[in-house]
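Each chain, letter by letter, is given below.
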Amino acid sequence: DPATTGWNFPSVEEGRAAYAEAVGLINQERFNEAFAALERTQAAIGPHADVLNYMGFVSRKLGRFDAALAYYHEALTLDPGHLGATEYLGELYIQMGDVGRARTQLARLDDLCAFGCAQREELARWIERAEQ
C-alpha cells in the first residue's frame, strides 16, 4: 500500500489504461496527448516493444525523426520480429529520403511474414509511391 510504504509507483492496471487511452488519442490524431499517455504507460510497465513502437509512430507524426528512429530501434531490440516497428521504421526511412533502407525493412517483412501481412503490403505501397 503506497500510503504505508511511501512508494507511489503506477500500477500495471494504470499502465494498461494509459495504453488504451494512448491508442484512442492516436486514432484521433492527438499526438502530443498520446505521447504523454505512452510515457505514463512506460512508467507503469517499463520498456515494451508495443509502447516503444507507438512512441516512435507519434514522434514521427510530430516530425521528431531522430526520436522516432531511436524508439523504433529500441522496440526492435526488445522484439526483433515486431511487425509494426519494422514497417514504421521503413516508413520513417522514406520520410527521411532513404528508400534503400526502406527496402531493407520490406525485405525483413518478407522474411517475417511467410504468407504476407498487412505491414508488408503497407510498406510496399509507401515505397511504390516514393519511387513515382
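Anything mentioned here points back to the structure above.
As the structure is a computational prediction, the values presented were derived from the model and not from experiment. (Residues numbered from 1 in each chain as written. Predicted model: local features only at pLDDT ≥ 70, side-chain atom pairs only at ≥ 80, totals over all residues. Heavy atoms only, no water.)

J.: Give a description of the overall build of the protein chain that names residues and reports values.
T.: Of regular secondary structure, the protein chain possesses eight helices and zero strands. Start at the N end of the protein chain and walk to the C end: the helices and strands fall as α-α-α-α-α-α-α-α. Principal axes of the C-alpha set define a box for the protein chain whose edges measure 60 × 30 × 20 Å. Restricting to contacts in the protein chain with at least 6 residues of sequence separation, those with at least 24 account for 49%. Looking at the protein chain as shown, the accessible area adds up to about 7,500 Å², and 50% of this sits on carbon and sulfur atoms. If the 12 positive side-chain charges of the protein chain are averaged to one point and the 20 negative ones to another, these points end up 4 Å apart. (Helix = DSSP H or I, 4+ residues; strand = E, 2+ residues; numbered from the N terminus. Contact = heavy atoms within 4.5 Å. Areas by Shrake-Rupley, 256 points an atom, 1.4 Å probe, with all protein chains shown as cover. Lys, Arg positive; Asp, Glu negative; His and termini not counted. Charge placed at Lys NZ, Arg CZ, Asp CG, Glu CD.)

J.: Outline the packing of helix H2 (residues 12-27) against helix H3 (residues 31-45), listing residues and values.
T.: It is at 8 Å that the axes of H2 and H3 come closest, and there the two elements cross at 160°. In terms of axis orientation, H2 runs roughly antiparallel to H3. Note on packing geometry: the crossing formed by H2 with H3 is left-handed. Side by side, H2 and H3 meet where Val-12, Gly-15, Ala-18, Tyr-19, Glu-21, Ala-22, Leu-25 and Ile-26 of the first sit next to Phe-31, Glu-33, Ala-34, Ala-37, Leu-38, Arg-40, Thr-41, Ala-44 and Ile-45 of the second. Class assignment for the residues of the contact of H2 with H3 results in twelve nonpolar, two polar and three charged. (Axes fitted to C-alpha atoms, helices over the stretch in contact; angles between N-to-C directions. Parallel < 35°, antiparallel > 145°, perpendicular 65-115°, else oblique. Left-handed = near helix turned anticlockwise from the far one by under 90°. Nonpolar A, V, L, I, M, F, W, Y, C, P; charged D, E, K, R; others polar.)

J.: So what's going on with the side chain of Asn-53? Which residues, and what values?
T.: Secondary-structure assignment places Asn-53 in helix H4 (residues 49-61). Once residues lying within four places of it in the same chain are set aside, the contact partners of Asn-53 are Tyr-72, Ala-75, His-82, Gly-84, Ala-85 and Tyr-88.

J.: Tell me what's going on with the packing of aromatic side chains, and back it up with residues and numbers.
T.: Tallied over the entire structure, the rule returns five aromatic pairs. Consider the rings of Phe-57 and Tyr-88, whose centres lie 4.9 Å apart with planes at 35°: the pair is tilted. With a gap of 31 residues between them, Phe-57 in helix H4 and Tyr-88 in helix H6 (residues 83-95) connect regions that are remote in the sequence. Connected via pairs of aromatic rings, a cluster forms that spans Phe-31, Phe-57, Tyr-72 and Tyr-88. (Phe/Tyr/Trp six-rings, centres within 6.5 Å; stacked < 30°, edge-to-face > 60°.)

Shape descriptors only; they carry no functional weight alone.
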